[in-house]
Amino acid sequence: MTGPAATGPDGTGMGSTGTGSTGSTGSTGTAGTAGTAGTGPMLEVRDLHVQIASRRGLVRAVDGVSFEVVKGDALGIVGESGSGKSMTLRAILGVLPPEARVTSGQVLLDGQDLVPLRQTDLNRIRGPRMSMIFQEPMSALNPVMRVGPQIAEGPLIHLGIGRAKAAERALDLMRRVGIPDPERRYRAYPHEFSGGMRQRVMIAIALACEPEIILCDEPTTALDVTIQDQILRLLAGLCRETGVSLVFVTHDLPVVAQVCQQVAVMYGGQLVESGPVHEVLHDPRHPYTLGLVRSAPDFDNVRESLVPIPGSPPSLVSPPEGCRFHPRCKFAEEDCLVTVPPLKLLPGGRATACLHHERCIEALEAERAAP
């Protein structure tokens, strides 16, 4: 991958493959590149900036985010509400709200930059090459159109097949995603389905044109834990069987651990840590990631109490100077208040945007050594 070099563990410049630097300084690089499912990146997001016009001013919703996904791999993007996760997905697919726009950066799908394309050109990519599973299926599905024809619509338009074959394809997809009695449910309306079944319909629609990559915007948020587990197993299985790549946005760390190989942590519109999912979640190298892990239940390592992250997420209209997490960080020092930390490459495909990431190691060692 071309672009400025990342900063290595010893402070020297690193090659642009692997994990690089992001942030408001404009330096670019990548996260989530250590997957082994493919030989090269299918999707590359380079130094992406998205701004939203509001009455309070320009919201810097996505501020210098870079990552890549290889074929057959799954990248999880985690962070609090308002961290820029969903806006990043919408920018990739080109479905930003009217008040939002990509101000700079690239979204490369197999080397083709999607940012400058017109909507008519993007419509040829959405479905056949890239699709999206939205957070709330009841609002994403057409309430006055039967479910089967909604699944068949994509193949009918994009694959150029006849109505009979499109209907057969829709029925086959309904069976694959576990919708019982598909011949009867084909003619049903979305309101006749449960939340879990509606989400299965959304997955069938996303798979209908055999895309190369699926963007998942918190697809299990509104589901109970049993249905959530079924949906996650279904997505992971489809990823293995079809070789489709996933970008999975969520605030739920166990969900990422179950589905993804790589994880990117976002805070205040920026990427603050990335790497293999189990390494990042078990040994975080950024205070924000450490806070997320400590505030989430862990059934393998039961804690006496969960520790919330103090304070509130930063304003993206006027974010704090230096590291955006410093007002909430107990490890912050004077340089954190003025220096924007680059996303620094660490051994093992890890990266962190923390000037004092060794404090996380010390805190974890002390916590594990405690009786």
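All of the points below concern the structure found in this document. (Residues numbered from 1 in each chain as written. Predicted model: local features only at pLDDT ≥ 70, side-chain atom pairs only at ≥ 80, totals over all residues. Heavy atoms only, no water.)

### Things to note about the overall build of the protein
Heads up, the condition is: Counting from the N terminus, the helices are DSSP H or I runs at least four residues long and the strands are E runs at least two residues long. Residue contacts are counted whenever heavy atoms from the two residues lie within 4.5 Å of one another. Areas reported here follow the Shrake-Rupley algorithm with a probe of radius 1.4 Å; residue values treat only the protein chains shown as occluding.
For the protein, the count of helices and strands is 12 helices and 12 strands. Within the protein, counting contacts between residues at least 6 apart in sequence, those at least 24 apart form 65% of the total. Carbon together with sulfur atoms contributes 53% to the accessible area of the protein, which is approximately 16400 Å² in total.

### Quick look at helix α4 (residues 147–159)
The following threshold applies: The span you would expect from a helix comes to 1.5 Å times its residue count less one. The angle between axes fitted to the seven residues ending at a residue and the seven residues starting there is what we call the bend at that residue. Categorising residues by exposure relies on relative accessible area from a 1.4 Å probe, with only protein chains included: less than 20% of the type maximum marks a residue as buried, more than 50% marks it as exposed, and the intermediate range marks it as partly exposed.
Counted at 1.5 Å a residue, the expected span for α4 with its 13 residues is 18 Å, and the 19 Å between its end C-alpha atoms agrees. The sharpest bend along α4 comes to roughly 25°, located at Glu-153, with the proline Pro-155 sitting one to four residues further on. Restricting attention to buried positions, one finds in α4 the residues Val-147, Gly-148, Gln-150, Ile-151, Ala-152, Gly-154 and Pro-155. Where the residues of α4 are buried, they touch α5 (163–176), α6 (182–185) and α7 (195–207). A positive phi of about 70° marks Gly-160, the residue just after α4.

### Comments concerning the pattern of salt bridges
Here is the rule we go by: A pairing counts as a salt bridge when a side-chain nitrogen of Lys or Arg comes within 4 Å of a carboxyl oxygen of Asp or Glu.
Enumeration according to the criterion identifies 16 salt bridges in this entry. When the shortest N-O distance is used, the salt bridge between Glu-212 and Arg-129 registers 3.0 Å. Taken together, the residues Glu-212 in the loop between α7 and β7 (213–217) and Arg-129 in the loop between α2 (119–125) and β6 (130–133) connect sequence positions 83 residues apart. The exposure class assigned to Glu-212 is partly exposed, which follows from its relative accessible area of 23%. Connected through salt bridges with shared partners, the residues Arg-60, Asp-63 and Arg-324 form a single ionic network.

### Section: the packing of aromatic side chains
Our working definition: Two aromatic rings from Phe, Tyr or Trp, using only the six-membered ring of Trp, form a pair when their centres are within 6.5 Å; if the ring planes differ by under 30 degrees the pair is stacked, by over 60 it is edge-to-face, and anything between is tilted.
Across all of its chains, the model carries 3 aromatic pairs by this definition. A ring pair is formed by Tyr-267 and Tyr-288, whose centres lie 4.6 Å apart and whose planes are at 50°; its orientation type is tilted. One end of the pair, Tyr-267, is in strand β9 (residues 262–267); the other, Tyr-288, is in helix α11 (residues 287–294), with 21 residues separating them in the sequence. For the pair Tyr-267 and Tyr-288, a shared accessibility class is recorded, and that class is buried. Between Tyr-288 and Phe-325, the ring centres sit 5.5 Å apart and the planes meet at 65°, which makes this aromatic pair edge-to-face.

### Looking at the sheet that holds strand β1 (residues 41–54)
Defined as follows: DSSP calls a pair of strands paired once it identifies at least 2 bridges connecting them. The axes are straight lines fitted to the C-alpha atoms, using for helices just the contacting stretch, and the angles between their N-to-C directions are given from 0 to 180°.
In space, the 4 strands of this open sheet follow the order β2-β1-β4-β5, with antiparallel pairing throughout. Each edge of the sheet is formed by a strand with only one pairing partner; in this case those strands are β2 (57–70) and β5 (112–113). Bridge count for strand β4 (residues 100–109) against β5 is 2 bridges, and the pairing is antiparallel. Paired with Leu-109 across the two strands is Gln-112, which belongs to β5. Lying on the sheet, helix α1 (residues 85–93) is in contact with β1, β2 and β4; it crosses β1 at an angle near 110°.

### So, the pairing of strand β10 (residues 270–276)
Extensive coverage of β10 is indicated by the burial of 7 of its 7 residues. Taking the residues between adjacent antiparallel strands as the criterion, β9 and β10 are bridged by 2 residues, where Gly-268 takes a positive phi near 60°. Across 2 bridges, β10 lies against strand β12 (residues 350–352) in antiparallel orientation. By the bridge assignment, Glu-273 is partnered in β12 with Thr-352.

### Topic: the environment of Ala-204
With respect to the helices and strands, Ala-204 occurs in helix α7. In the structure, Ala-204 is positioned 35 residues away from Arg-169 in sequence and 9.9 Å away in space, judged by C-alpha atoms. Ignoring anything within four residues of it in the chain, the contact list for Ala-204 reads Ile-151, Leu-173 and Val-177.

### A closer look at the packing of α7 against helix α8 (residues 225–242)
Operational definition: Note on angle classes: values under 35 degrees are labelled roughly parallel, values over 145 roughly antiparallel, values of 65 to 115 roughly perpendicular, and the remainder oblique. It is the rotation of the near helix from the far one that decides the hand of a crossing: anticlockwise by less than a right angle makes it left-handed, clockwise makes it right-handed. We call Asp, Glu, Lys and Arg charged. Ala, Val, Leu, Ile, Met, Phe, Trp, Tyr, Cys and Pro are nonpolar, and the rest, Gly among them, are polar.
At a closest axis distance of 10 Å, the pairing of α7 and α8 adopts a crossing angle of 15°. In terms of orientation, α7 and α8 fall into the roughly parallel class. Considering only the axes of α7 and α8, their crossing is right-handed. Every residue of α8 that contacts α7 at Gly-196, Gln-199, Arg-200, Ile-203 and Leu-207 is listed here: Ile-227, Gln-230, Ile-231, Leu-234, Leu-235 and Leu-238. Taken together, the residues that form the contact of α7 with α8 break down as 7 nonpolar, 3 polar and 1 charged.

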